[in-house]
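# A structural walkthrough
The chain contents come next:
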Amino acid sequence: MIKADNITKVFGKNEVLKGISTTVGKGEVVTIIGPSGSGKSTFLRCLNLLEEPTSGQIYINDEEITSPRVNKMEIRKNIGMVFQHFHLFPHMTALENVMYAPQKVKGLSKKEAEQIGKNLLARVGMTDKEKAYPNRLSGGQKQRVAIARALAMEPEIMLFDEPTSALDPEMVKEVLDVMKGLTETGMTMVIVTHEMNFAKEVADKVLFLDDGVLLEETEPNAFFTNPSTERAQSFLEKVL
Amino acid sequence: MNLDFSQIVPYIPFILEGIGATLKFVSVSILAGFILGTILAIFKITEFWPLKTIADIYTSIFRGTPLILQLMIIYLAIPQLTGYDISAFLSAVLAFGLNSAAYVSEIIRAGIMAVDKGQTEAAKALGVPYRSMMLNIILPQAFKNILPALMNEFITLTKESALVSTIGYLDLMRRAQIAGADLYRNFEPLFFAGVIYWVMVTILTLAGRYVERRMRQSD
């Protein structure tokens, strides 16, 4: 479903990604972990072209999305993204946030979009906050609305960029629960996270990045019990 | 003290007619300046440099020269160069609208830049086209933040509108001057016009506060 081939990304003189290659199969849940500044988020953002790789190719369903001829907007319709800081539209209610893209991008009628929006808000447990503006919501609630907003486009792939890092500890679980529910629907998911237990529990595969290099790519049990590189060992000692 | 407001009473209807004349070209100028200013602001933030350069040069010219000079050039030079006999009204709307656009574009540009970059990213990630993103996501948030600055610009324009008296447009200011010349007393009609300007600006200020409150609903 997703294939990255030797992706590099350079910001000025700083080489953030140094040739990353990996694949994500349909319905697979992949978590990316690693120390701050290792390039996790940058790699994730390359997958929906919020960052353009300096070199290398990315294929989604066998289409090369890094080709200059490709229409980025078309690609992004099929890839939902959830951000660390939510980025809900502050001048729209929770429901309007979810309804916006189906109406504007897919051209659905207001009624159809409203139906989708209400269903999704119910799914993330936010029905009673449909009419609330984002600044009336807690961090966990905002993130659940943001997940619903991304799902409203019915994407095949969902990207999560540290979705619980900006939350108060007591709100982490409600967001992880929603994500866990999503893994059970067979959604293809790539998740950058610092929640090791969550990564262990839901992931089919763990990618460990350090200093722009993909050091490990294994199934979670092997990674968490017996990491093969020293970097991963010392990282896990610090965070577990 | 030589002060007699009763003498201007016969001139009151004549002066009051100036309110309509002033409001007519001020409102058209504000609207024109606002629309053109928004377009220029969007030019300024594009990565396409020719548009950016055009907008920057435009702003530089209209902010870098006196408004009264721009007004004179439009009113006097257009007939000389093209033979088209431009009316005082059209000259006024053009000068004030084009001039205001330069200032408004800077205000809006700053407002757009101040909107969290995450908003753009969220819209892009959803596949929202640029135009919709600007109109529905970025500009509404930008306008909310810059409303006080925009109101300030509109108030300035309303007061500066008195400059059109210099090209013979019968606005509030010009009518007060004419009444003054007829009566050989200037203080009373000018004072009267001053009060009217103050009332207009106050109404504009209150309207601005009202809109601001409405827009803060989501806070």
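The shown structure was predicted, so the numbers you read here are calculated from the model rather than taken from an experiment. (Residues numbered from 1 in each chain as written. Chains lettered and ligands numbered in written order. Predicted model: local features only at pLDDT ≥ 70, side-chain atom pairs only at ≥ 80, totals over all residues. Heavy atoms only, no water.)

Enumeration over the complete set of coordinates arrives at 19 salt bridges over all chains. Across the pair Lys52(B) and Asp56(B) runs a salt bridge whose closest N-O atoms are separated by 3.9 Å. Here the residue Lys52(B) and the residue Asp56(B) both occupy positions in helix 2 (residues 49–64), the gap between them amounting to four residues, near one helical turn. Judged by its relative accessible area of 37%, Asp56(B) falls in the partly exposed class. By sharing partners, the salt bridges in this structure join Arg45(A), Glu51(A), Lys117(B) and Glu121(B) into a single network. (Salt bridge = Lys/Arg side-chain N within 4 Å of Asp/Glu carboxyl O. Helix = DSSP H or I, 4+ residues; strand = E, 2+ residues; numbered from the N terminus. Buried < 20%, exposed > 50% of the residue type's maximum accessible area, 1.4 Å probe, protein only.)

Between two packed helices, both the angle of their axes relative to each other and the distance between the axes serve to describe the pair. All names here are of chain A. The contact between helix 3 (residues 94–104) and helix 5 (residues 139–151) brings their axes to 8 Å, and the two run at 20°. Here helix 3 is positioned roughly parallel relative to helix 5, judged by the angle of their axes. Read as a crossing pair, helix 3 and helix 5 show a hand that is right-handed. Residues Ala 94, Asn 97 and Val 98 of helix 3 form the contact with helix 5, whose participating residues are Val 145, Ala 148 and Arg 149. By residue class, the composition of the contact of helix 3 with helix 5 is four nonpolar, one polar and one charged. (Axes fitted to C-alpha atoms, helices over the stretch in contact; angles between N-to-C directions. Parallel < 35°, antiparallel > 145°, perpendicular 65-115°, else oblique. Left-handed = near helix turned anticlockwise from the far one by under 90°. Contact = heavy atoms within 4.5 Å. Nonpolar A, V, L, I, M, F, W, Y, C, P; charged D, E, K, R; others polar.)

A few words on helix 5 (residues 117–125) of chain B. Residues and elements named next belong to chain B. Every buried residue of helix 5 is accounted for by Gly 118, Gln 119, Glu 121, Ala 122, Ala 123 and Ala 125. At the N-terminal boundary of helix 5, the capping side chain belongs to Asp 116, with an oxygen 3.0 Å from the backbone nitrogen of Gly 118. Backbone geometry just after helix 5 places Gly 127 at a positive phi near 80°. (Polar contact = N/O pair within 3.5 Å; in protein donor to acceptor, adjacent residues only side chain to side chain.)

We now examine the sheet that holds strand 6 (residues 79–82) of chain A. Residues and elements named next belong to chain A. Spatially, 6-7-8-3-9-10 is the arrangement adopted by the six strands of the open sheet, whose pairing is mixed. The strands lining the two open edges of the sheet, one partner per strand, are strand 6 and strand 10 (213–218). With strand direction ignored, the average angle separating the axes of adjacent strands in the sheet is 15°. In terms of strand pairing, strand 6 meets strand 7 (residues 157–161) through four bridges, oriented parallel. Paired with Ile 79 across the two strands is Ile 157, which belongs to strand 7. Sheet contacts for helix 6 (residues 169–183): strand 3 (29–33), strand 7 and strand 8 (188–192); angle to strand 8, the most-contacted strand, approximately 150°. The strands touched by helix 9 (residues 230–239) are strand 3, strand 9 (205–210) and strand 10; relative to strand 9, the strand with the most contacts, the crossing angle is about 100°. (Pairing = 2+ DSSP bridges.)

A few words on the interface of chain A and chain B. At the junction of the two partners, chain A supplies 25 residues and chain B supplies 20 residues. With both sides pooled, the region where chain A packs onto chain B buries about 1900 Å², and carbon together with sulfur makes up 61% of that total. There are one salt bridge connecting chain A and chain B. Taking the shortest distance from any N to any O, the salt bridge between Arg45(A) and Glu121(B) comes out at 2.6 Å. Applying the counting criterion to the chain A and chain B interface returns five residue pairs in polar contact (both at pLDDT 80 or more). For the side of chain A that touches chain B, the secondary structure elements donating two or more residues are helix 2 (72–77), strand 6, helix 3 and helix 5 of chain A. Of the residues that constitute the side of chain A that touches chain B, the class distribution is 15 nonpolar, four polar and six charged. (Buried area = accessible area lost by both parts, 1.4 Å probe.)

This paragraph deals with empty space enclosed by the protein. Inspection of the entire model under this criterion finds two cavities of 30 Å³ or more. Looking at the largest cavity, its volume works out to about 50 Å³. Along its surface, the largest cavity is lined by Gly80(A), Met81(A), Phe83(A), Ala146(A), Arg149(A), Ala150(A), Ala122(B), Ala125(B) and Leu126(B). Among the elements of the structure, strand 6 and helix 5 of chain A together with helix 5 of chain B are those that each provide at least two residues to the lining of the largest cavity. Residue contributions to the lining of the largest cavity peak at three residues, all from helix 5 of chain A. Tallied by class, the residues present in the lining of the largest cavity amount to seven nonpolar, one polar and one charged. The space that makes up the second largest cavity amounts to roughly 40 Å³. If you trace the second largest cavity, you find it lined by Ile2(A), Thr22(A), Thr23(A), Val24(A), Val30(A), Ile32(A), Phe43(A), Leu47(A), Val190(A) and Leu207(A). (1 Å grid on protein atoms, 1.4 Å probe; cavity = no way out; pocket = protein on both sides within 12 Å on 5 of 7 lines; lining within 4 Å. Points joined across faces, edges and corners; volume = space filled by probe spheres on them.)

This part takes up the sheet that holds strand 4 (residues 55–60) of chain A. Residues and elements named next belong to chain A. Read from one edge of the open sheet, four strands run 2-1-4-5, paired in antiparallel fashion. Each edge of the open sheet carries a strand with a single partner, namely strand 2 (14–24) and strand 5 (63–64). Here two bridges tie strand 4 to strand 5, and the two strands are oriented antiparallel to one another. The residue bridging Ile 60 from the neighbouring strand is Glu 63, located in strand 5.

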